[in-house]
Number of protein chains: 2
Amino acid sequence: MIRINSHYTKLQASYLFSDIAKRVAAFQNAHPDKEIIRLGIGDVTMPLPDACIQAMHQAVDEMADPETFRGYGPEQGYDFLREAIAREDFQARGADINAHEIFISDGAKCDTGNIQELFARDITVAIPDPVYPVYLDTNVMAGRTGAFKNGRYEGIVYLDCTAENGFVPALPETPVDLIYLCFPNNPTGTTITRNELQVWVDYARENKALILYDAAYVAFIRDDSLPQSIYEIPGARDVAIEFRSFSKTAGFTGTRCAYTVVPTTCRAFDDKGQEHDLHSLWNRRHCTKFNGVSYPIQRAAEAVYSEEGKKQCRALSDYYLHNAALVIEKMTALGFACVGGKNSPYIWVSGNRGSWELFDLLLNEAGVVCTPGAGFGRCGEGYIRISAFNSYENVAKAMQRIEKALG
Amino acid sequence: MIRINSHYTKLQASYLFSDIAKRVAAFQNAHPDKEIIRLGIGDVTMPLPDACIQAMHQAVDEMADPETFRGYGPEQGYDFLREAIAREDFQARGADINAHEIFISDGAKCDTGNIQELFARDITVAIPDPVYPVYLDTNVMAGRTGAFKNGRYEGIVYLDCTAENGFVPALPETPVDLIYLCFPNNPTGTTITRNELQVWVDYARENKALILYDAAYVAFIRDDSLPQSIYEIPGARDVAIEFRSFSKTAGFTGTRCAYTVVPTTCRAFDDKGQEHDLHSLWNRRHCTKFNGVSYPIQRAAEAVYSEEGKKQCRALSDYYLHNAALVIEKMTALGFACVGGKNSPYIWVSGNRGSWELFDLLLNEAGVVCTPGAGFGRCGEGYIRISAFNSYENVAKAMQRIEKALG
């Protein structure tokens, strides 16, 4: 008899964004004439940079010609892209990362989900709260948790991120083996300093733990004193895997390209305490269960690092940060405490009431969709996340409507 | 202490195609002036159909315009593609499959690898021998096997495919829960009749087993009495998941698009014997660990179903089948028994000696790369797989060289 992975039955009934979509659909059905402004899901709205468009057209033409056609590429990605990434995103900032340590993929969501396959089922996992739900759900699916009780899965060490600790978690009080960190943070939009990140790297080194560092929003960092990569922190090469994406950097949410850095010095241990290098393990997983990113898409990603591409991508993140500044200004004026939005496209708004209550209020009274903080974990209760991903005109209109409804 | 998934250590040292690549590289280093003809890995060589190229260009232009730009698409794929697939690949052949039962992905390799996550670790898995290595390796990684001994993993029920049974396996003698089948077969190039496939569907229904049916090579079927989809077989909707790919159908190996069919009636059971529907389970997995296929790539795949696209794709598979006919003719004349190659791009050649011996002979004496059958399993020993994926000129030249070396 074919039996299911019973851990799937522990998953909560529906994914946060599906819940939101249902409430929005219900509102739209009830008010078919009302225009909705979406500042909820973190999806970009501006077109792809012209450098990427040109590169993609050229690559498509190569696929039409038997002389330049490309079949299977290397599972890990083409060298032209891996080398550009190593040089521009790491070496240019003094981080010692080489091209062969970079694995090109079709999404940071996929990679942050798939990476946990490399680890034993009975390790202890530390996950921030609030958090991007994928970290948690994929560990539930893998059987690393017990049941869901009082808003939390048993067996997970939650790292509270609150106004009190500036949304940067303190070290765990009990030993942990695997640690998820995300900066600039989704959902809070907050950042971590070099000194704060050094504390985590030192902890991982001392405790033979591993850090999974999600830096998908790095393109929004404007404060140059902040680390962009965890590999700017001494010692991190041995204890950290980093995830990056072109989704927010270059508007690739519908185009799909990302990468994961697994340094060759990064190690884990078997049951006998013997060291194994995670680069080889991930390479094996990647080659067995993945077949590389589409060639035209990799050429588009390479164009992100051209002189024109860099300028155009910078203009994209500048545009969204300009939106974010308006959100902070208006929401603060309405009496809401805000964090994030300065080195991040997300603004984390203390709602002075329940998350879903404020979500419903903004939807029903202003026709504006945000994301209820409670959907990201227990510590998100009382907050909402406002995303700066929309046109400036729409963000301005959304703020006017919210002012009118709540002011 | 961060500990690894120890099942990875059971995996054999290297992947078949890496082994081949190493031997080829060694030969090339020793003979830098000799031109090598590759009839090994099943990678297409002809450019993409013009209909796909035009569709991709148009979609890229849409991504350049704020009015038509697309961000995140549905994880399951766009309706325009799912509907075309349901209509053309299934309903047109009398198979009762609907658009919402189709999940678009970036590769059948990924899907056949990832699907096993849905099942309990202690189910019994039946896998043909010879076989595409991914089915086996992903179950090893998941912990469903013991050690590798005498060329086989303990705990797997191997289904021998030999000349005696026409390379269509007999039903297993001990109970199994999950069954992998692949037709037209990789590596043997053989097919299965409706009656033979009905036997498996009946077995699965009677034993509450599930069939994973890999039909990636369906575009090469020319004998219309053969089933193209398992859903043409009565009763299959409840007990089978089917995998398809545009890689071989339309030359997408470097472009990346595929799909998996999970009928809503397809069920599995929990530890208490209660039914669960696999469509919901796979949907949850897909939405949590995958983010959809690139929009321009989905438009290219949609163009496969246009009138022009159908003609151009048919011309592609005709071209490779013409190559295959030449391989069968020449290898048979040299005294080798061949199967496959008539409804498949692969020819399975009985080598009259060890697989790797014939591989090395063809490489060293004729400069031709094939795939040693032993790399696909114990029953592949003594065979090689010759792939028809190359230009006709190269296939003809390869056959001349082999004639000269062995004739």
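Residues numbered from 1 in each chain as written. Chains lettered and ligands numbered in written order. Predicted model: local features only at pLDDT ≥ 70, side-chain atom pairs only at ≥ 80, totals over all residues. Heavy atoms only, no water.

### Details of the overall build of chain A
Now for step 1: Check the secondary structure of chain A and you find twelve helices and 17 strands.
Now for step 2: Its C-alpha atoms give chain A a radius of gyration of 21 Å, within 12% of the compact-globule value 22 Å for 407 residues.
Now for step 3: Within the span of chain A, comprising 407 residues, buried residues form 63% of the whole.
Now for step 4: Within chain A, contacts between residues at least 6 apart in sequence are counted, and of these 72% link residues at least 24 apart.
Now for step 5: As displayed, chain A has an accessible area near 14,200 Å², and 48% of this comes from carbon and sulfur atoms. (Helix = DSSP H or I, 4+ residues; strand = E, 2+ residues; numbered from the N terminus. Rg over C-alpha atoms; globule rule 2.2 N^0.38 Å. Buried < 20%, exposed > 50% of the residue type's maximum accessible area, 1.4 Å probe, protein only. Contact = heavy atoms within 4.5 Å. Areas by Shrake-Rupley, 256 points an atom, 1.4 Å probe, with all protein chains shown as cover.)

### Quick notes on the relation of the copies chain B and chain A
These two copies of the chain differ by a rotation about an axis and a displacement along the same axis.
Now for step 1: For the pair chain B and chain A, the best superposition has an RMSD of 0.0 Å and corresponds to a rotation of 180° with a translation of 0.0 Å parallel to the axis. The transformation just described matches what one would write down for a two-fold rotation axis. Taking C-alpha positions as reference, the residue of chain B nearest the rotation axis is His57 of chain B, located at 3.1 Å. (Least-squares fit on C-alpha atoms with pLDDT ≥ 70 in both.)

### Remarks on the domain arrangement of chain A
All names here are of chain A.
Now for step 1: Each assigned domain of chain A is listed with its residue range as follows: domain 1 (7-47 + 310-406) and domain 2 (53-307).
Now for step 2: Distance from the C-alpha centre of domain 1 to the C-alpha centre of domain 2: 25 Å.
Now for step 3: The interface is formed by 36 residues belonging to domain 1 together with 49 residues belonging to domain 2.
Now for step 4: Across the domain 1 to domain 2 interface the summed buried area is about 3,500 Å²; carbon plus sulfur atoms make up 59%.
Now for step 5: Along the contact surface separating domain 1 from domain 2 lie 20 residue pairs in polar contact (both at pLDDT 80 or more).
Now for step 6: Contributing elements (two or more residues each) for the side of domain 1 that touches domain 2: α10 (307-333), β13 (338-340), β14 (346-350) and β17 (383-387).
Now for step 7: The element that contributes the greatest number of residues to the side of domain 1 that touches domain 2 is α10, accounting for nine residues.
Now for step 8: Its residues placed into classes, the side of domain 1 that touches domain 2 shows 16 nonpolar, eleven polar and nine charged. (Domains from an automatic or database assignment. Buried area = accessible area lost by both parts, 1.4 Å probe. Polar contact = N/O pair within 3.5 Å; in protein donor to acceptor, adjacent residues only side chain to side chain. Nonpolar A, V, L, I, M, F, W, Y, C, P; charged D, E, K, R; others polar.)

### Concerning unusual backbone geometry
Now for step 1: For the bond running from Phe183 of chain A to Pro184 of chain A, omega is -10°, close enough to zero to count as cis.
Now for step 2: When you line up the elements, Pro184 of chain A lands in the loop between β7 (178-182) and α6 (194-207).
Now for step 3: Even without glycine at this site, Asn150 of chain B takes up a positive phi of about 50°.
Now for step 4: Assignment of secondary structure puts Asn150 of chain B in the loop between β4 (148-149) and β5 (152-153).
Now for step 5: In this structure, Lys208 of chain B is a non-glycine residue whose phi angle is positive, near 50°.
Now for step 6: Structurally, the position occupied by Lys208 of chain B is in the loop between α6 (194-207) and β8 (210-214).

### A closer look at the packing of helix α2 (residues 50-62) of chain B against helix α9 (residues 295-303) of chain B
Residues and elements named next belong to chain B.
Now for step 1: Their axes nearest at 8 Å, the elements α2 and α9 cross at an angle of 150°. Between α2 and α9, the interaxial angle falls into the category roughly antiparallel. Handedness of the crossing formed by α2 with α9: right-handed. Residues Ala51, Cys52, Ala55, Met56, Ala59, Val60 and Glu62 of α2 pack against Tyr295, Pro296, Ile297, Arg299, Ala300 and Ala303 of α9. (Axes fitted to C-alpha atoms, helices over the stretch in contact; angles between N-to-C directions. Parallel < 35°, antiparallel > 145°, perpendicular 65-115°, else oblique. Left-handed = near helix turned anticlockwise from the far one by under 90°.)

### Some thoughts on the interface of chain B and chain A
Now for step 1: Facing 85 residues of chain B, the contacting portion of chain A comprises 85 residues.
Now for step 2: Counting the surface lost from both chain B and chain A, the interface buries some 7,000 Å², and carbon and sulfur atoms represent 59% of this.
Now for step 3: Across the contact surface, chain B and chain A share eight salt bridges.
Now for step 4: Counting every contact that joins chain B to chain A gives 41 residue pairs in polar contact (both at pLDDT 80 or more).
Now for step 5: Considering every element that reaches the side of chain B that touches chain A, the biggest residue donor is helix α8 (residues 278-289) of chain B, with seven residues.
Now for step 6: Partitioned by chemical class, the residues of the side of chain B that touches chain A number 40 nonpolar, 24 polar and 21 charged. (Salt bridge = Lys/Arg side-chain N within 4 Å of Asp/Glu carboxyl O.)

### Looking at empty space enclosed by the protein
Now for step 1: The full count for this structure, using the stated rule, is four cavities of 30 Å³ or more.
Now for step 2: The computed volume of the largest cavity comes to approximately 170 Å³.
Now for step 3: Every residue lining the largest cavity is counted, 19 residues in all, and those nearest its centre are Asp106, Asn114 and Phe290 of chain A together with Asn114 and Phe290 of chain B.
Now for step 4: Looking at the lining of the largest cavity, the elements with two or more residues in it are α4 (108-114) and α8 (278-289) of chain A together with α4 (108-114) and α8 of chain B.
Now for step 5: Counting residues per element, the lining of the largest cavity draws most heavily on α8 of chain A, which supplies four residues.
Now for step 6: Size it by volume and the second largest cavity reaches roughly 90 Å³.
Now for step 7: As for the second largest cavity, its lining consists of 14 residues, and the residues nearest its centre are Asp106, Arg256 and Ser294 of chain A together with Asp106 and Ser294 of chain B.
Now for step 8: Across the lining of the second largest cavity, the residue classes tally to four nonpolar, six polar and four charged. (1 Å grid on protein atoms, 1.4 Å probe; cavity = no way out; pocket = protein on both sides within 12 Å on 5 of 7 lines; lining within 4 Å. Points joined across faces, edges and corners; volume = space filled by probe spheres on them.)

### Comments concerning the UniProt feature "domain: Aminotransferase class I/classII large" (unreviewed entry) in chain A
Now for step 1: On the UniProt side, "domain: Aminotransferase class I/classII large" (unreviewed entry) is annotated at positions that read residues 35-402 of chain A here.
Now for step 2: For residues 35-402 of chain A, helix accounts for 35% and strand for 17%, while the C-alpha atoms at its two ends are 14 Å apart. (UniProt positions renumbered as here; feature names shortened; annotations may be inferred.)

### Observations regarding the sheet that holds strand β2 (residues 102-105) of chain B
Residues and elements named next belong to chain B.
Now for step 1: Judged by pairing direction, the sheet is mixed, and its seven strands sit side by side in the order β2-β10-β9-β8-β7-β3-β6 without closing on themselves. Because the sheet does not close on itself, it has two edges, and the strands there are β2 and β6 (157-160). Each strand of the sheet is rotated relative to its neighbour by a mean of 20°, with strand direction disregarded.
Now for step 2: As judged from the four bridges shared by β8 and strand β9 (residues 240-245), these two strands associate in the parallel manner. Within β9, the residue paired with Tyr213 across the bridge is Glu242.
Now for step 3: Where α8 meets the sheet, it contacts β2, β8, β9 and β10 (258-261), and its direction lies at approximately 25° from that of β2. (Pairing = 2+ DSSP bridges.)

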